[in-house]
Amino acid sequence: MTGKEIASLAFELKPAPRLPVTIIGGGAWAVNRAGKTFGRIKNDPGQIADAFIRYARQFRLDLLWMGSNFINYPIHFLGCPLKDDSADSPALEGAVIKSLDELETLSIEKALNHPTMEAIIQAHYLVADAIGKDTLVIPTTWAPFTFAARILGGGGAAEGVVGSAPEPLGGCILRLEFQEAREVFDGFVEHAEVALSQGAF
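The text that follows walks through the structure, step by step, so that each part is easy to find. Since this is a predicted model, take the numbers as computed values, not measurements.

## Considering the environment of A149
Take A149: it is sitting in helix α8 (residues 144-152). Exposure remark for A149: the relative accessible area of 0% places this residue in the buried category. A sequence separation of 54 residues divides A149 from A95, and the C-alpha atoms of the two residues are 9.0 Å apart.

## Let's talk about the nonpolar core
A general trend in soluble globular proteins is that nonpolar side chains are found buried together. Ranked by internal contacts, the top residues of the largest apolar core, which has 40 residues, are F52, L64, F70 and V127. Of all the elements, helix α7 (residues 115-131) adds the most residues to this core, at seven residues. With residues up to four places along the chain from it excluded, the contact list for F52 reads G27, A30, L64, W65, M66, G67, S68, F70 and V127.

## As for the pattern of salt bridges
For the structure on display, the rule yields five salt bridges. Residue R18 is joined to D62 by a salt bridge in which the shortest nitrogen-to-oxygen separation is 2.6 Å. Within this pair, whereas R18 is found in the loop between α1 (3-11) and α2 (27-33), its partner D62 is found in the loop between α4 (45-58) and β1 (63-66), the two being separated by 44 residues in sequence. Across the pair D50 and R54 runs a salt bridge whose closest N-O atoms are separated by 3.3 Å. Linking D50 with R54, this pair stays in helix α4, spanning four residues, or about one helical turn. Since its relative accessible area comes to 37%, D50 is described here as partly exposed.

## With respect to α8
Of all the nine residues making up α8, seven are buried; the element is thus mostly covered by neighbouring parts of the structure. Among the residues of α8, those classed as buried are P144, T146, F147, A148, A149, I151 and L152. G153 sits one or two residues past α8 and shows a positive phi near 85°.

## Description of the packing of aromatic side chains
Across all of its chains, the model carries seven aromatic pairs by this definition. When the centroid spacing of 6.1 Å and the interplanar angle of 45° are considered together, the rings of F52 and F70 count as tilted. One end of the pair, F52, is in helix α4; the other, F70, is in the loop between β1 and α5 (73-77), with 18 residues separating them in the sequence. Each residue in the set W29, F38, F52, Y55, F59, F70, Y73 and F77 is aromatic and connected to the rest through ring pairs, giving one cluster.

## Focus: the environment of W65
For W65, the position within the fold is in strand β1. Among the residues examined, W65 registers a relative accessible area of 22% and is labelled partly exposed. Considering only alpha carbons, one finds W65 and T140, 75 residues apart in sequence, at a separation of 5.9 Å. Residues in contact with W65, not counting those within four places in the same chain, are T22, I23, I24, G25, F52, I138 and T140. Within polar-contact distance, the side chain of W65 engages the side chain of T22 at 3.3 Å.

## Topic: the side chain of D62
Overall, the relative accessible area of 3% leaves D62 in the buried class. Polar side-chain contacts of D62 include one of 2.6 Å to the backbone nitrogen of V21.

## Examining α1
Taken together, the buried positions of α1 are occupied by G3, I6, A7 and L9. Angular distribution of buried residues about the axis of α1 spans 155°; they occupy a single face of the element. Each element contacted by the buried residues of α1 is listed here: β1 and β4 (136-139). Downstream of α1 by one or two residues, L13 has phi in the positive range, about 60°.

Reading the values: the criteria
- Residues numbered from 1 in each chain as written.
- Predicted model: local features only at pLDDT ≥ 70, side-chain atom pairs only at ≥ 80, totals over all residues.
- Heavy atoms only, no water.
- Helix = DSSP H or I, 4+ residues; strand = E, 2+ residues; numbered from the N terminus.
- Buried < 20%, exposed > 50% of the residue type's maximum accessible area, 1.4 Å probe, protein only.
- Core = buried A, V, L, I, M, F, W, Y, C linked by side-chain atoms within 4.5 Å.
- Contact = heavy atoms within 4.5 Å.
- Salt bridge = Lys/Arg side-chain N within 4 Å of Asp/Glu carboxyl O.
- Phe/Tyr/Trp six-rings, centres within 6.5 Å; stacked < 30°, edge-to-face > 60°.
- Polar contact = N/O pair within 3.5 Å; in protein donor to acceptor, adjacent residues only side chain to side chain.
- Arc of directions from axis to C-beta.

If you want it as C-alpha cells, here you go:
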C-alpha cells in the first residue's frame, strides 16, 4: 500500500495499516534543507519542485502540503511588502489596504497572473507529476479570515475586525479568498485529471 493510499484512508476515516506520516506545513524546512531561500527560488518552478520532492522523499511523507510557506505571496502581489531573503518563511511587512472601505479595489487576478505566482503554481504540477503516484499532494492556502487578516496587516485583531464586518464586506472578503483558492485548487485538480487519464497517477 502506498503512502498516498494510507493518507487517503485516514481522510476517509477508514482503518489503515499504520498512521500516515506528514509534517504540517513544512515548506520552510523544505527550502532550508535545500540550502535555498524563498526569494532565490520563487521564480523557478523546477527549483521549488526539487526542494519539495527531496524533502518529501527524505522524510518519507505520505502526505505533502505543497506550497507551504509560499502562501503569503498572493497577498504580496496584491500590494503588501514582503521579506523573503532569509532562510525563514516569507514574512509580510505591512498591509495591502488600510480599511475595509478599500476592499473593492482589490483584484485577485493581479496576484494569480503575477509571473512568480504562475511559477509557484507550476511547481505544484511538477511535484504532483514526480511523486503523485505514491504521495498525496495537497495545495496549501490560507483560510478565508486569515487571508483577510493578512490583507489588513494584522493577526487576531484584524481577524476580529473582519469577523465583525457587515455582511456585504464579509461576503467580499470570502469571495476574494475563495476565488484565490479555487483558481489554485481547480488548476491542480484539472492537471491531476489529465495525468490520471494518461496513467501518470
